[in-house]
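# A look at the structure
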Amino acid sequence: MAVCGSPESLPFNPSSFDAVLVHQGFHELAPGLVLPEIARVLRPGSVLGVSWLVRDDTVPWVKRLATLLRTVDRNAMRGDYGTKSVHELISSKYFPEDEHITKRLWVPVDRDSLIAMAAARPAVRTLDSDARSDLLAKVAALADDSAGTSGLRLPYQLECWRAWVDHDELTTPIRPHDDGLTITV
């Protein structure tokens, strides 16, 4: 069953879920509005999971590919995918306990797929025919030089955070001061 709703105002009853997962998009949310709303729909002791699949540019051939693509697109193969926004989660009063884990993944890629990946970049598509052909020939040469006997594998880091909800902040009664607002009738 699909449900349409805004993450700042989830159309679910309180304490409806054991887990909420956000993959590749937490940086697009407004944490001050979303975190209390996610906490509201989670059962006590449940978790919010946040993850990103981030390319690992520490491998030499991947660094060379990034440098090559950045000659036409300065933002090509940048590794900043919003993982800095997770600071809002781990400092949240709604999710005081958290853990982080990183897993490395290797994705096989052949020469043709690597060329197609480069050709699909918007900045590469807008190059004139000669410049595009030249760049893609350099990508092909890089693939040929780097493949070795085991072929090419693109390295990724799967960054995962798990944070447990604390309903104390949601259930603490608001106690106004005795000298608060007085309305005369």
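The structure reproduced in this document is the subject of the present report.

Reading the values: the criteria
Sequence order as written defines residue numbering, which begins from 1 separately in each chain. Where local features are concerned, this predicted model is filtered to residues with pLDDT of at least 70; where side-chain atom pairs are given and counted, the filter is 80 or more; whole-chain, interface and lining totals use all residues. Think of the side-chain values as coming from all heavy atoms in the structure, minus any hydrogens and water. Helical segments are the DSSP runs of H or I of at least four residues, strand segments are the runs of E of at least two, and each set is numbered from the N terminus. Throughout, the radius of gyration refers to the C-alpha atoms, and the reference size of a globule is 2.2 Å times the residue count to the power 0.38. For every residue, the accessible area obtained with a 1.4 Å probe (protein chains only) is divided by the maximum for its type, and the residue is called buried under 20%, exposed over 50%, and partly exposed between those limits. The contact rule is simple, with two residues in contact once any of their heavy atoms fall within 4.5 Å. The Shrake-Rupley method, run with a 1.4 Å probe sphere, supplies the accessible areas, and residue values consider only the shown protein chains as cover. Counting rule applied: Lys, Arg positive; Asp, Glu negative; His and chain ends not counted. Charged side chains are reduced to one point each, which is NZ for Lys, CZ for Arg, CG for Asp and CD for Glu. Any two rings among Phe, Tyr and Trp, with Trp reduced to its six-membered ring, count as a pair given centres within 6.5 Å; such a pair is stacked if its planes are under 30 degrees apart, edge-to-face if over 60, and tilted if neither. For a ring to carry a charge above it, either NZ of a lysine or CZ of an arginine must fall within 6 Å of the ring centroid while also lying within 35 degrees of the normal to the ring plane.

Time to look at the overall build of the protein chain. The helix and strand inventory of the protein chain stands at seven helices and four strands. Since a compact globule built from 185 residues should have a radius of gyration of about 16 Å, the 24 Å found for the protein chain marks it as more spread out than a globular shape. With respect to the principal axes defined by its C-alpha atoms, the protein chain has extents near 80 × 35 × 35 Å. Scored against the burial criterion, the 185 residues of the protein chain give a buried share of 35%. Excluding contacts between residues fewer than 6 apart, the proportion of contacts in the protein chain whose partners are at least 24 apart in sequence is 83%. Total accessible area on the protein chain is roughly 11,600 Å²; 54% of this is exposed by carbon and sulfur atoms. Placing the 20 positive and 25 negative side-chain charges of the protein chain at their respective mean positions leaves the two points 7 Å apart.

Our next topic: unusual backbone geometry. The phi torsion at S15 lies on the positive side, around 55 degrees, for a residue other than glycine. Mapped onto the secondary structure, S15 falls in the segment before β1 (17–23). With relative accessibility at 30%, the residue S15 sits in the partly exposed group. At Q24, a position not held by glycine, the phi torsion is positive, near 65 degrees. Along the polypeptide, Q24 turns up in the loop between β1 and α1 (31–41). Overall, Q24 belongs to the partly exposed group, its relative accessible area being 28%.

What follows covers the packing of aromatic side chains. Scanning the model with the defined rule gives two aromatic pairs in all. Considering the side-chain rings of F12 and F17, the 4.9 Å spacing of their centres and the 85 degrees angle between planes classify their relative orientation as edge-to-face. Exposure remark for F12: the relative accessible area of 29% places this residue in the partly exposed category. Judged by centre distance (5.8 Å) and plane angle (85 degrees), the rings of W52 and W161 are edge-to-face. Linking W52 in strand β2 (residues 42–55) with W161 in strand β4 (residues 152–164), this pair joins segments that are 109 residues apart in sequence. W52 gets classed as buried once you look at its relative accessible area, which sits at 0%. A cation over a ring is seen here: R153 above W106, with NZ or CZ 4.5 Å from the ring centre.

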